[in-house]
Amino acid sequence: MLPVFRNINVFPLKHTNRPVNPFDLCHLIRIRLCSSKASAVKEFEDPEISHAEGSAVTISDQFELLSDVMTPLWKMPYDEQLRAKHNWSQSVVRMINERVNANRKEKRRLNVTPKIYHVKSSPVIMEYRNKDEFSIRNGADGHPKTVGFFIGSTASDNAVCVPGTHVITMREKHKKIAQNFEQYIRTSELPVCTDFRPGGGNWRRFIVRSNEEGNTLAVAVCHPQLLSQERLIEEQQRLKEYFTSGPGKDDCPQSLYFQACPHARCTNEQAPFVLLHGKPFLEEHMWGKTFRISPDSFFQINTQAAEVLYETILKQANLTPRSTLLDVCCGVGPISILAADRVRGCVGIESVRDAVLDAKFNAKINNATNVDFFYGLAERLTERIIEELDLATDIVAVLNPGRAGLDPRVLRLLYKCPQISTVICVSCKADMPSTLKNFVQLFTEGNFKLNSVTPVDLFPHTWHTELILKFIR
């Protein structure tokens, strides 16, 4: 046993009579919205939607405009969405080819020719999001305490916050809890945070998560500014009472947290999550396994499609009882734990402390005794872990980083390890320059061949697609 360690389809868009290719436009609308892993700025390419400026959003059209932003494919039949995403997957391979050959001195062109599989569809396409992160700002009616999602740019101070009332990918429970939170903060003396500097306000955002059983976990994030600890505790108590015995009791989440975060985003270590009510964790179930999820831990946004994703990853990995799985950016450990029965052992690396604690707990309750997880940055831990695996004869590396990809040093360590013959890259944003750079590095420096590309649709009604890229020596 392994020692356990200490060209896209063109389609017509609303507001325009001519066909628009959303991957081939130079005019960009910048829309800020919340992604599955973090609040991010996303560019949607449609030069003719004049309502992109938040100041142009009206009470009558706000919900349709938000749907166009958050679920831009909502009017497209699902089979057409899948065809479009397959074409996008082909475009990613072309991007890799272009970058592989961009700086070559030799005239002979290198061709990256993987097998591109058809998109694996999501088992559920409506109300699939298990996490939503709501912002707080002026609404279309001018109310400064509106809980929803931004249309427009906060940088240019023209953003309008629109409630997610009619967004088809959101669960009704999330909407109701967010509506109750909006009603609560409108009774609160604390203003909305518009500036991190002193006097810039307090209420920052509101996060709602849920599992497939319908249990919910909510986090109210507040900038402490110059508030005393006593005043923060008072606000926490008022929020708790509102949901447990006040007007919000019918939609009270099973877990309610409060975080006083003085930065744009804080981990539990930087600003502790204070449990106001209920259980400290969510639990999710996949393949007969149980997974604990903390407020600070990442979990795939679409649980049922995540099962398809993980099944595909493990199938592509060709694991055997001799294999050791190196799980980089492992989150709460689903890939390692689901693979544990098939391999000699699994080692996971994760940079979020609470996720590692969850992963260790999940391994224990699922009797995955040949699995271990380590807390830290991959660029700091990978070398030591590979050295500890010197007796392993077959190592399969699964890389599932955030949108920025991995540090080149990590990839260098992987392709220098002779026991690693297969690398599985998982990406929700495979066309980002930093992510493409990872793929090119494996191909050019590491002499890995891109064997296959498998798209999995975790995000119906949006352009986002999870890609599984299998590299082999």
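Residues numbered from 1 in each chain as written. Predicted model: local features only at pLDDT ≥ 70, side-chain atom pairs only at ≥ 80, totals over all residues. Heavy atoms only, no water.

Naming follows an unreviewed UniProt entry, where the protein chain appears as tRNA (uracil(54)-C(5))-methyltransferase of Gryllus longicercus. If you open the UniProt record of the protein chain and go to Catalytic activity (unreviewed entry), you find "uridine(54) in tRNA + S-adenosyl-L-methionine = 5-methyluridine(54) in tRNA + S-adenosyl-L-homocysteine + H(+)". (UniProt positions renumbered as here; feature names shortened; annotations may be inferred.)

Visitor: Please explain the UniProt feature "binding site: S-adenosyl-L-methionine" (unreviewed entry) in the protein chain as it appears in this structure.
Guide: As recorded in UniProt, the feature "binding site: S-adenosyl-L-methionine" (unreviewed entry) lies at Gln300, Glu350 and Asn400. Relative to the assigned elements, Gln300 resides in the loop between β14 (289-293) and α5 (303-317). Ignoring any residue separated from it by four or fewer positions in sequence, one finds Gln300 in contact with Asn130, Ala306, Leu309, Tyr310, Asn400, Leu458 and Glu466. Considering the arrangement of structural elements, one finds Glu350 in strand β16 (residues 345-350). In this structure, Glu350 is in contact with Cys329, Cys330, Gly331, Ala355, Val356, Phe374, Tyr375 and Gly376, ignoring residues within four places of it in sequence. Of note is the side chain of Glu350, whose polar atom sits 3.1 Å from the backbone nitrogen of Val352. (Helix = DSSP H or I, 4+ residues; strand = E, 2+ residues; numbered from the N terminus. Contact = heavy atoms within 4.5 Å. Polar contact = N/O pair within 3.5 Å; in protein donor to acceptor, adjacent residues only side chain to side chain.)

Visitor: Would you take a moment to explain the sheet that holds strand β11 (residues 255-260) for this structure?
Guide: Paired through their backbone hydrogen bonds, the strands of a sheet run either parallel or antiparallel. The seven strands are arranged β8-β7-β6-β9-β10-β11-β12 in an open sheet whose pairing can be described as mixed. Each end of this open sheet is capped by a strand with a single partner; those strands are β8 (160-162) and β12 (273-278). Across the sheet, the mean angle from the axis of one strand to that of its neighbour is 35°, orientation sign disregarded. Two strands pair when backbone bridges link them, and β11 and β12 are joined in this way by five bridges, in the antiparallel orientation. Bridging from a neighbouring strand, Leu256 pairs with His277 of β12. Against the sheet, helix α1 (residues 62-70) contacts β7 (146-151) and β8, and its axis sits at roughly 60° relative to β7. Along the sheet face, helix α4 (residues 229-244) touches β9 (203-210), β10 (216-222), β11 and β12 and points at about 160° away from the line of β11. (Pairing = 2+ DSSP bridges. Axes fitted to C-alpha atoms, helices over the stretch in contact; angles between N-to-C directions.)

Visitor: Could you clarify how one ought to interpret the packing of helix α9 (residues 408-416) against helix α10 (residues 433-444) in this entry?
Guide: Two quantities define a packed helix pair, namely the angle between the axes and the distance from one axis to the other. Where α9 meets α10, the closest approach of the two axes is 10 Å, and the angle between their N-to-C directions is 25°. It follows from the interaxial angle that α9 and α10 lie roughly parallel. Handedness of the α9/α10 crossing: right-handed. Residue-level inspection shows Pro408, Leu411, Arg412 and Tyr415 of α9 in contact with α10, the latter providing Asn438, Gln441 and Leu442. Here the residues of the contact of α9 with α10 are counted per class, giving four nonpolar, two polar and one charged. (Parallel < 35°, antiparallel > 145°, perpendicular 65-115°, else oblique. Left-handed = near helix turned anticlockwise from the far one by under 90°. Nonpolar A, V, L, I, M, F, W, Y, C, P; charged D, E, K, R; others polar.)

Visitor: Whenever I open this one, the sheet that holds strand β20 (residues 449-456) confuses me. Can you help?
Guide: Taking strand neighbours across the sheet as the criterion, the eight strands line up as β5-β20-β21-β19-β18-β15-β16-β17 in an open arrangement whose pairing is mixed. Sheet topology places β5 (115-116) and β17 (371-375) at the edges, where each strand pairs with a single neighbour. Of the strands in this sheet, β15 (323-328), β16 and β17 are in contact with helix α8 (residues 378-388), which crosses β16 at around 160°.

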